[in-house]
Amino acid sequence: MDKRIRQRLVAALKTDPLAVVLLIAIVGIILASIGASWLSGYDPVKVDYKQALLPPSSEHWLGTDNYGRDVLSRLMHGGAASLGASLLAVSLIITLSLVIGLAAGYFGGWVDMALTRLMDVLFSFPQLVLAIALASLMGPGLTSLMIAVAAVAWPSFARIFRSFVLSVRNDGFVQAAKTSGIPAWKIIGTHILGSITGPILVLITLDIGSIILSIASMSFLGLGIRPPQPEWGAMLNEGRAYIEEAPWLFLAPGLMIFIMVLGTNYLGDTLKDALEPRTLHMPRLFGRSKRRNERDGRGEREAASSERKEVNESCVLSIEGLCVTAAEGNRRNSNVILEQIDLELKPGECIGLVGESGSGKSTLAHAVMGLLRSPLEQNGGTIRLSGADTSRWGWSDWRQARGRTIAYITQDPMDSLNPVLKIGEQLRECLTAHPNRGAVMNRTEAKGKVIDMLKRTGLPETAYDQYPHQLSGGMRQRVVIAMAIMNEPQIIIADEPTTALDVSTQARIMDLLTELQKERKAAMIFITHDLRLVANIADRICVMKDGRVVEQGNVQDIFTRPRERYTQQLLKAIPPLRIPASIRKAE
Ligand SMILES: Nc1ncnc2c1ncn2[C@@H]1O[C@H](COP(=O)(O)OP(=O)(O)OP(=O)(O)O)[C@@H](O)[C@H]1O
């Protein structure tokens, strides 16, 4: 298991005593079931009528049943049968559903259609009734019980696995593996399975409880293990007749089933949170304890808004001494990603942020957007947006600022566009996300504004009703630009917005960006590797290397009198437009 996930799990367990209690209880029950033969001290099937229906005592901790058999011993041996059968049934279900779900999701076409139709047919029967019918056909016994439960439970798992595969099968890494000629079974087994292991694990943990319950229910109905062998569901059924004079017969197996089902569900939830921590969706409030943030978030938001008016009105963005680290294991052992960054951006100004790959340009953009995610965290310095210190901001402050105060244009437009929503809907959503500008509009007005914006960004009106995949790369990037400027933000961060485009589209997009930026007087941080591009668009240039700003100044100074050796090297690396001699001769 990944070290960070393990750490999150341990951290979650430390703050959740119920999870610890349930974990201990489950481990205890499993160990007692495995070691039943050595630990129980009584034969679970040996009849002794003289000892019948004895209440719990020091000799028989959980009393005896109507045949004089020790209930604790039967419970432990029954646990081995119940849990063993559940585990085997789960293994069978997972294997079957993985094979079918992966095949349907990966191959698509008729394979997908045939398999999903089969699942639909099985879904059309009530699961328990179908399992009972199958188990009755096969005759009583744990094996037939397991097969029956697995036979009806696999479609719901297969359907989920299929959707996991669909969500990654067109991702770049899968396409890259395909184009490298890697066989399908290997792509499925390593690339696809590897990327969905986490959700599969969570699903198994969450559902093992319902499988235990199904096995117990069917045993309760007499379809499971043959008497006198013990099993929790069967014991529950046997105890039913003595519910008044010997309630322990009923309570003991009932409690075991309850603990196992509750425990696996609860721990499944804990695992889910460790794999997909909620903090992923929350901005990190730097330098403050979570409790304190919750306690006085509101007051500070008010203070922040009043402060917004006081601090450095001339800059829409000011960064002072920003440090970002990537924590590895513990806080002492962390990588410095950004170190002592100072940067100021005035209204309407455009800064070109350049530097080699890995110098920290995108990390700086993410920090400014409040989008740093674990393991990256801000470890010092301040970021002020329109004068307000963002380290004090809560979730709703960020939500209001993003899109309205500051907008982000990504390198790959498909990262920003939802493939299943039409362009018009996505643009309208941006508009209505900020109530005082959009929500008061009715649908027709909003549509009119979106269409205006489409035209403004050089897109045809028809794009309103199209999906992202129906547009070209350049058109999609225009949509992303339209989304970014929809609410007239004060700052636009464009992170290599033209890298994926051909030269002529690149030029058109650059013209559009410059025009819109000037027209709306928005400030811009333009991130790129292309120094020629910044020469045309930027007022100032900021050169980054190894997480530090090594030089910044106005475009003319940087291009004509670069101070730092690194900047000089960058400028020397700009390839001149040389026409090869052979072509010149031909002319
Ligand atoms: N989630 C992360 N965990 C650990 N290190 C990270 C993480 N994200 C980025 N880094 C590290 O931070 C450094 C800066 O990365 P960043 O993506 O900001 O560079 P960049 O200048 O934008 O590069 P490029 O121009 O190639 O996009 C790199 O060394 C990278 O390995």
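Residues numbered from 1 in each chain as written. Predicted model: local features only at pLDDT ≥ 70, side-chain atom pairs only at ≥ 80, totals over all residues.

### Focus: the environment of Leu 130
Part 1 of the reasoning: If you trace the backbone, Leu 130 turns up in helix α6 (residues 127-138).
Part 2 of the reasoning: Beyond its immediate sequence surroundings of up to four residues, Leu 130 is in contact with Phe 125 and Val 152. (Helix = DSSP H or I, 4+ residues; strand = E, 2+ residues; numbered from the N terminus. Contact = placed C-beta atoms within 7 Å.)

### Quick look at the packing of helix α5 (residues 109-123) against helix α7 (residues 142-168)
Part 1 of the reasoning: It is at 9 Å that the axes of α5 and α7 come closest, and there the two elements cross at 130°. Considered as vectors, α5 and α7 are oriented oblique to each other. Our pair here, α5 against α7, has a crossing hand that is left-handed. Counting all contacts with α5, which are made through Met 119, Leu 122 and Phe 123, the residues of α7 involved are Val 152, Pro 155, Ala 158 and Arg 159. (Axes fitted to C-alpha atoms, helices over the stretch in contact; angles between N-to-C directions. Parallel < 35°, antiparallel > 145°, perpendicular 65-115°, else oblique. Left-handed = near helix turned anticlockwise from the far one by under 90°.)

### Topic: the environment of Ala 32
Part 1 of the reasoning: Secondary-structure assignment places Ala 32 in helix α2 (residues 17-34).
Part 2 of the reasoning: Linking Ala 32 and Ala 80, residues 48 residues apart in sequence, is a C-alpha distance of 8.5 Å.
Part 3 of the reasoning: Residues contacting Ala 32, with those up to four places away along its chain left out, are Leu 39, Met 76 and Gly 79.

### A look at unusual backbone geometry
Part 1 of the reasoning: Pro 228 follows Pro 227 through a cis peptide bond whose omega is 10°.
Part 2 of the reasoning: Within the element layout of this structure, Pro 228 appears in the loop between α9 (184-220) and α10 (232-240).
Part 3 of the reasoning: One non-glycine residue with positive phi stands out, namely Leu 53, at about 50°.
Part 4 of the reasoning: Even without glycine at this site, Ser 386 takes up a positive phi of about 45°.

### Describing the site of the ligand
Part 1 of the reasoning: The full set of residues close to the ligand is Ala 326, Ile 337, Gly 355, Ser 357, Gly 358, Ser 359, Gly 360, Lys 361, Ser 362, Thr 363, Pro 375 and Leu 376.
Part 2 of the reasoning: Counting residues per element, the shell around the ligand draws most heavily on helix α13 (residues 361-368), which supplies 3 residues.
Part 3 of the reasoning: Among the residues forming the shell around the ligand, the class breakdown is 4 nonpolar, 7 polar and 1 charged. (Near = placed C-beta within 6 Å. Nonpolar A, V, L, I, M, F, W, Y, C, P; charged D, E, K, R; others polar.)

### With respect to the nonpolar core
Part 1 of the reasoning: Ranked by size, the top nonpolar core spans 71 residues in total, and within it Ile 492 and Ile 493 carry the most contacts.
Part 2 of the reasoning: With sequence-adjacent residues up to four places away left out, Ile 493 is seen in contact with Ala 365, Val 368, Met 369, Ile 406, Tyr 408, Ile 409 and Ile 525.
Part 3 of the reasoning: Counting 61 residues, the second-largest nonpolar core is a separate cluster that includes Val 71, Ala 89, Ala 151 and Ile 188. (Core = buried A, V, L, I, M, F, W, Y, C linked by C-beta atoms within 7 Å. Buried ≥ 20, exposed ≤ 12 C-beta atoms within 10 Å, placed from the backbone.)

### Quick notes on the UniProt feature "transmembrane region" (unreviewed entry) in the protein
Part 1 of the reasoning: Mapped onto the present numbering, the UniProt feature "transmembrane region" (unreviewed entry) falls at residues 20-39, 83-107, 128-154, 200-225 and 246-268.
Part 2 of the reasoning: Between the first and last C-alpha atoms of residues 20-39 the distance is 24 Å; the span itself is 95% helix and 0% strand. (UniProt positions renumbered as here; feature names shortened; annotations may be inferred.)

### Things to note about the pairing of strand β4 (residues 376-385)
Part 1 of the reasoning: In this structure, β4 lies alongside strand β5 (residues 388-389), joined through 2 bridges in antiparallel fashion. Residue pairing for β5: Arg 384 is matched across the bridge by Asp 389.
Part 2 of the reasoning: Where β4 folds back on β5, the antiparallel hairpin that results is connected by 2 residues, among which Ser 386 adopts a positive phi of roughly 45°. (Pairing = 2+ DSSP bridges.)

### A short note on the sheet that holds strand β9 (residues 540-545)
Part 1 of the reasoning: On the basis of which strands lie adjacent, the open sheet formed by 6 strands has the order β6-β7-β8-β3-β9-β10 and mixed pairing. Each edge of the open sheet carries a strand with a single partner, namely β6 (406-409) and β10 (548-554). Between one strand axis and the next, the sheet turns through 15° on average, direction left out of account.
Part 2 of the reasoning: Here helix α18 (residues 473-485) sits on the sheet and contacts β6 and β7 (491-495); the angle it forms with β6, its principal contact strand, is near 170°.
Part 3 of the reasoning: Contacting β3 (350-355), β9 and β10, helix α22 (residues 565-572) crosses the sheet at an angle of about 105° to β9.

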